[in-house]
Amino acid sequence: QEKKAPSTPRPSSSVLLVSPNNQVLLLQRVKQSSSFPSAHVFPGGNISPFHDGHPPTPESVDRHTDSEIYRLAAIRETFEESGILLARNNGFGRLLEVSEPEREEGRRLVHENKIQFTKWLAQKGGRADVEGLTPFTRWVTPTNVPKRFTTQMYLYFLPTLTATPLSDSSSADGDGEGEEGVRIPVPTTDGGLEHTTARFLPASVWLRLAQEGRIILFPPQFFLLHQVAQHFDSLPSPTAYGRISRSQLPREELEARRKRLLEFVKTTGEPVWTEKCISPTVMAPRGGKRREDGRVILGLNRPGPELEAAKTGRRGVGEECVLVEFRKEGPRRLAVISREEAIGGG
């Protein structure tokens, strides 16, 4: 029987949104979702030609490259899904503030395509803060999955507060005043259309919850949260997610940790993390035998067939892999380990 050609990756964007006290926002998808049901995900979604512009054609390598279209989609989807507006005031350049009733009406109008997102922002005196997004890898869905995406991941930092505790609670994220008195709204769901919860927690707490089986994280989210945790959470060892410090941090330390993360993303690796393109592929342990623990090894060094065929030279991460057990309800028992450790059996 002739092998069916893989589906064309749909262009999409996601944001690792960092709160004033360096926690990360995740949303839990509804059980009925056609993509990642019940999983915790970063805010994001597909590019909308109506709101964001037309993406490059499937044949173009630019379809897998960061651009303003992807950035607009990331900011719009974050607004639709969480109510947090990553936009700047046209007059003073600080974060745009919109009253809660206006914000909720805007989410509905934009989601229903009643008004273009950029036009709604202009009516409120603002513009999307596309410059505030930092690319943080691109992920191309493997060819064995029916619904495929080419997803540009971004980092975005909300302004820090003077002092905030690193705790398991997200309540502090909406109560303080940040950049020149700008108030950061507490994230809320989209009313159950696509998500049931929206919450900021430290990256290490999300990772620990996934390893304990209390939430579902897919490999891209787990892997990127692992990288963030190394810079934000003062871990005694790279995977000691349960050993996070709860001590209160001054604003200077919060900013210093952000600076270290940005330096890592912009200057580390070949290519650097802003340019890495990852399409997870199943790897066999040395000798071809299955791992004794039954988990699958996902290699992260290949960029996907579209970019490999175009010979762009793009690639992902060669030094690390993700271990995962795929169950009916979703990925379980995830871990980030070195490539050498992964293929050695263990």
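Taking an unreviewed UniProt entry as the reference, the protein chain is identified by name as Nudix hydrolase domain-containing protein belonging to Baudoinia panamericana.

Asks: Is there a simple way to think about the overall build of the protein chain in this case?
Replies: Tallying secondary structure elements over the protein chain gives nine helices and 16 strands in all. Looking at the protein chain as a whole, 53% of its 346 residues are labelled buried. Residue pairs at least 24 apart in sequence account for 69% of intrachain contacts in the protein chain once pairs closer than 6 positions are excluded. Accessible surface computed for the protein chain: about 15,700 Å², of which carbon and sulfur atoms make up 49%.

Asks: For this particular structure, what's the right way to read the packing of helix H2 (residues 68-82) against helix H3 (residues 100-111)?
Replies: For any two helices packed against each other, one specifies the crossing angle of their axes together with the interaxial distance. Here H2 crosses H3 at 120°, and the two axes come no closer than 9 Å. One element, H2, and the other, H3, form an angle in the oblique class. The way H2 lies across H3 gives a crossing that is left-handed. Two secondary-structure elements touch here, H2 through Arg76, Phe79, Glu80, Glu81 and Ser82 and H3 through Arg103, Gly106, Arg107, Val110 and His111. Counted by class, the contact of H2 with H3 contains two nonpolar, three polar and five charged residues.

Asks: Can you walk me through the side chain of Arg138 in this structure?
Replies: In this structure, Arg138 sits in strand E7 (residues 134-140). Within the buried core, Arg138 has no salt-bridge partner, and the shortest N-O distance to an opposite charge, that of Asp66, equals 6.0 Å. There is a polar contact of 2.8 Å between the side chain of Arg138 and the backbone oxygen of His64. Sequence-distant contacts of Arg138, that is, excluding residues within four places in its chain, are made with Arg63, His64, Thr65, Asp66, Tyr70, Thr150, Thr151, Gln152, Lys276, Cys277, Ile278 and Arg314.

Asks: What is the right way to read helix H5 (residues 203-211) from this model?
Replies: Of all nine residues in H5, eight are buried; the element is thus mostly enclosed. Of the positions making up H5, those classed as buried are Ala203, Ser204, Val205, Trp206, Leu207, Arg208, Leu209 and Ala210. Its buried side turned inward, H5 meets strand E2 (24-29), strand E3 (40-41), strand E10 (195-201) and helix H6 (219-232). Gly213 sits one or two positions beyond H5 and adopts a positive phi of about 80°.

Asks: Which parts of the structure should I look at to understand the pattern of salt bridges?
Replies: It is possible for side chains bearing opposite charge to pair when their charged atoms get close. By the definition in use, this model includes 22 salt bridges. Among the salt bridges present, the one from Glu104 reaches Arg107, with a minimum N-O distance of 3.2 Å. Placement of the pair is Glu104 and Arg107 together in helix H3, with a separation of three residues, close to one helical turn. Accessibility expressed as a relative area gives 5% for Arg107, which makes it buried. Measuring nitrogen to oxygen at the nearest pair gives 3.0 Å for the salt bridge that ties Asp293 to Arg291. Asp293 gets classed as partly exposed once you look at its relative accessible area, which sits at 22%. Residue classification places Arg291 among the buried residues on the basis of a relative accessible area of 10%. In this structure, a network of salt bridges that share partners links the residues Glu325, Arg327, Glu329, Arg332 and Arg333.

Asks: Which parts of the structure should I look at to understand helix H7 (residues 251-267)?
Replies: Given 3.6 residues to a turn, an α-helix orients residues that are three or four positions apart in the same direction. The end-to-end C-alpha distance of H7, which contains 17 residues, comes to 24 Å, matching closely the 24 Å that a straight helix rising 1.5 Å per residue would cover. Turning to H7, its buried residues number three or more, namely Leu254, Arg257, Arg258, Leu261, Phe264 and Val265. The arc that holds the buried residues of H7, viewed along the axis, is 120°, so those residues lie on one side. Across H7 from its buried face, at more than 90 degrees, point the exposed residues Glu252, Lys259 and Thr267. Of the residues flanking the end of H7, it is Gly269, one or two places downstream, whose phi is positive at about 95°.

Asks: What is the right way to look at unusual backbone geometry in this model?
Replies: Of all residues except glycine, most have a negative phi; of all peptide bonds, most are trans. Residue Pro271 is bonded to the preceding Glu270 through a cis peptide linkage, with omega at 0°. Looking at the secondary structure, you find Pro271 in the loop between H7 and strand E12 (277-278). Of note in this structure, Asn22 is not a glycine but carries a positive phi near 65°. Mapped onto the secondary structure, Asn22 falls in the loop between strand E1 (10-18) and E2.

Asks: Is there a simple way to think about the packing of aromatic side chains in this case?
Replies: Each aromatic ring pair is described using two quantities: the centre-to-centre distance and the angle formed by the ring planes. Following the criterion strictly, the structure yields seven aromatic pairs and no others. One aromatic cluster is present, formed by Phe136, Trp139, Phe223, Phe264 and Trp273 through successive ring pairs. Above the ring of Trp273, the side-chain terminus of Lys276 is found at 5.2 Å from the ring centroid.

Asks: Please explain the nonpolar core as it appears in this structure.
Replies: Proteins that are soluble and globular tend to have nonpolar side chains buried together. Counting residues in each nonpolar core, the largest one holds 40 residues, and the members touching the most others are Phe223 and Leu225. Residue contributions to this core peak at seven residues, all from H6. Contact partners of Leu225, with chain neighbours within four places excluded, come to Val24, Leu26, Phe42, Ala203, Trp206, Leu207 and Leu217.

Asks: How do you make sense of the pairing of strand E14 (residues 296-300) when you look at a structure like this?
Replies: The side chains of a regular strand alternate between both faces of the sheet. Of all five residues making up E14, four are buried, and the element is well covered by its neighbours. Across three bridges, strand E13 (residues 281-283) lies against E14 in antiparallel orientation. For Met283, the partnering residue across the bridge sits in E14 and is Ile297. As defined by bridge partners, E14 adjoins strand E15 (residues 317-327) across five bridges and the pair is classed as antiparallel. Along E15, the bridge assignment pairs Ile297 with Leu323.

Cut-offs applied
Residues numbered from 1 in each chain as written. Predicted model: local features only at pLDDT ≥ 70, side-chain atom pairs only at ≥ 80, totals over all residues. Heavy atoms only, no water. Helix = DSSP H or I, 4+ residues; strand = E, 2+ residues; numbered from the N terminus. Buried < 20%, exposed > 50% of the residue type's maximum accessible area, 1.4 Å probe, protein only. Contact = heavy atoms within 4.5 Å. Areas by Shrake-Rupley, 256 points an atom, 1.4 Å probe, with all protein chains shown as cover. Axes fitted to C-alpha atoms, helices over the stretch in contact; angles between N-to-C directions. Parallel < 35°, antiparallel > 145°, perpendicular 65-115°, else oblique. Left-handed = near helix turned anticlockwise from the far one by under 90°. Nonpolar A, V, L, I, M, F, W, Y, C, P; charged D, E, K, R; others polar. Lys, Arg positive; Asp, Glu negative; His and termini not counted. Salt bridge = Lys/Arg side-chain N within 4 Å of Asp/Glu carboxyl O. Polar contact = N/O pair within 3.5 Å; in protein donor to acceptor, adjacent residues only side chain to side chain. Expected span 1.5 Å × (residues − 1). Arc of directions from axis to C-beta. Phe/Tyr/Trp six-rings, centres within 6.5 Å; stacked < 30°, edge-to-face > 60°. Lys NZ or Arg CZ within 6 Å of the ring centre and 35° of its normal. Core = buried A, V, L, I, M, F, W, Y, C linked by side-chain atoms within 4.5 Å. Pairing = 2+ DSSP bridges.

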